[in-house]
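Breakdown of the fold
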Amino acid sequence: MKCCNLKILIYIIVIIVLLIFSINYYYTNRLDIKYMITSVSYSVTILSVLSFILKMWLWKLKFLQGYFILIPNLNGKWEGEIKSDWINPKTNKKIPAIPVSIEIKQNLFHISIKVITKEMTSYSKVASFYIDKEQQQEQLFYTYTSIPLQSIQERSRIHYGSVVLDIGDNCLSGIYWTNRKTSGDIHVKKITC
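Residues numbered from 1 in each chain as written. Predicted model: local features only at pLDDT ≥ 70, side-chain atom pairs only at ≥ 80, totals over all residues. Heavy atoms only, no water.

With that settled, consider the pattern of salt bridges. Using the criterion set out here, one finds 6 salt bridges in the structure. A salt bridge links Glu81 to Lys83; its shortest N-O distance comes to 3.6 Å. By relative accessible area, which is 30% here, Glu81 ends up partly exposed. The salt bridge involving Glu103 is made with Lys105; its shortest N-O contact spans 3.6 Å. Among the charged side chains, a salt-bridge network with shared partners connects Lys77, Glu103 and Lys105. (Salt bridge = Lys/Arg side-chain N within 4 Å of Asp/Glu carboxyl O. Buried < 20%, exposed > 50% of the residue type's maximum accessible area, 1.4 Å probe, protein only.)

As structure tokens, this is what we get:
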């Protein structure tokens, strides 16, 4: 997953390192091995702290989105519905749309998705983005494990599946499929950040 513009990131790192070497030289007025070791040490420390801050918080800033940060911020709660193609064997009919709540937790390098319905909870195992601005595609895709309530596991066992969601303005919509040979549509809107 390419999360930030690598060219800009390299420029920023080079500028920070050169700035640290220059400041250190200004105060020490030396160009020996001790100067080099000190400058490298300062550079590593400052870049590590800045990397942590970028990973946790700075990447969310709107003015960095799209230019430097290439992935959208999907953190928050989402609500909507799932339409399944599952046929109820008792009625031989499709079931009505299922209300769903989704919680997404994300930082610059990781995203996790938790999906909750009345009967089960699903947890993402692997998740990533597909972003192609030229093709006008922004998608979130993930695989998951779904764990039904114990009381219904006789008719609905633990299962695995995959999801592909198109990312819109405060909405996600797409499809899912499972190892139980079911599939369907998901449509959710963002309700909180």
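Where helix α1 (residues 6–28) meets helix α2 (residues 33–56), the axes come as close as 9 Å, and the angle between the chain directions of the two elements is 135 degrees. It follows from the interaxial angle that α1 and α2 lie oblique. Regarding α1 and α2, the two cross each other, and that crossing is right-handed. Together, Ile13, Ile16, Val17, Ile20, Phe21, Asn24, Tyr25 and Thr28 of α1 and Tyr35, Met36, Thr38, Ser39, Val40, Tyr42, Ser43, Ile46, Leu47 and Leu50 of α2 make up the contact between the two elements. For the contact of α1 with α2, the class distribution of residues is 13 nonpolar, 5 polar and no charged. (Axes fitted to C-alpha atoms, helices over the stretch in contact; angles between N-to-C directions. Helix = DSSP H or I, 4+ residues; strand = E, 2+ residues; numbered from the N terminus. Parallel < 35°, antiparallel > 145°, perpendicular 65-115°, else oblique. Left-handed = near helix turned anticlockwise from the far one by under 90°. Contact = heavy atoms within 4.5 Å. Nonpolar A, V, L, I, M, F, W, Y, C, P; charged D, E, K, R; others polar.)

All right, on to α2 then. Taking 1.5 Å of rise per residue, the 24 residues of α2 would be expected to cover 34 Å, and the 35 Å separating its terminal C-alpha atoms lies within 8% of that figure. Residues Tyr35, Ser39, Ser43, Leu47 and Leu54 constitute the buried set of α2. Where the residues of α2 are buried, they touch α1. (Expected span 1.5 Å × (residues − 1).)

Here Trp177 shows up in strand β9 (residues 171–178). Put simply, Trp177 and Ser122 are 55 residues apart on the chain and 13 Å apart in space, counted from C-alpha to C-alpha. Trp177 has contacts with Tyr144, Tyr160, Gly161, Ser162, Val164, Thr182 and Ser183, leaving out every residue within four places of it along the chain.

A general trend in soluble globular proteins is that nonpolar side chains are found buried together. The biggest cluster of nonpolar side chains holds 31 residues, and the ones touching the most others in it are Ile69, Leu74, Ile104, Ile113, Leu140 and Tyr142. Contributions of two or more residues to this core are made by β1 (76–84), β4 (98–106), β5 (111–116), β6 (120–132), β7 (137–148), β8 (159–167), β9 and β10 (183–192). Ignoring any residue separated from it by four or fewer positions in sequence, one finds Leu140 in contact with Leu74, Ile104, Ile111, Ile113, Ser128, Phe129, Val163, Val164, Leu165 and Ile167. (Core = buried A, V, L, I, M, F, W, Y, C linked by side-chain atoms within 4.5 Å.)

Under the criterion given, the structure shown has 5 aromatic pairs. With a centroid separation of 5.8 Å and 90 degrees between ring planes, the pair formed by Phe21 and Tyr35 is classed as edge-to-face. Remark: Tyr35 occurs in helix α2 and Phe21 occurs in helix α1; sequence separation between them is 14 residues. For Phe21, a relative accessible area of 17% gives the class buried. Both rings, one in Phe52 and one in Trp57, keep their centres 5.7 Å apart while their planes meet at 85 degrees; by these two values the pair is edge-to-face. On the basis of relative accessibility, which here comes to 44%, the residue Phe52 falls in the partly exposed class. Ring pairing ties together the aromatic residues Phe21, Tyr25 and Tyr35, which thus form one cluster. (Phe/Tyr/Trp six-rings, centres within 6.5 Å; stacked < 30°, edge-to-face > 60°.)

So, about the sheet that holds β4. Pairing is antiparallel in the closed barrel, where 8 strands are placed in the order β1-β4-β5-β6-β7-β8-β9-β10. On average, each strand axis in the sheet is tilted by 30 degrees relative to the strand beside it, whichever way the strands run. Relative to β9, β8 runs antiparallel, the two being bridged by 7 bridges. Bridge pairing links Gly161 to Thr178 in β9. (Pairing = 2+ DSSP bridges.)

Moving on, we come to the side chain of Ser146. Relative to the assigned elements, Ser146 resides in strand β7. A distance of 2.8 Å separates the side chain of Ser146 from the side chain of Ser122, its partner in a polar contact. Setting aside anything within four residues of it in sequence, one finds Ser146 in contact with Met120, Thr121, Ser122, Ile158 and His159. (Polar contact = N/O pair within 3.5 Å; in protein donor to acceptor, adjacent residues only side chain to side chain.)

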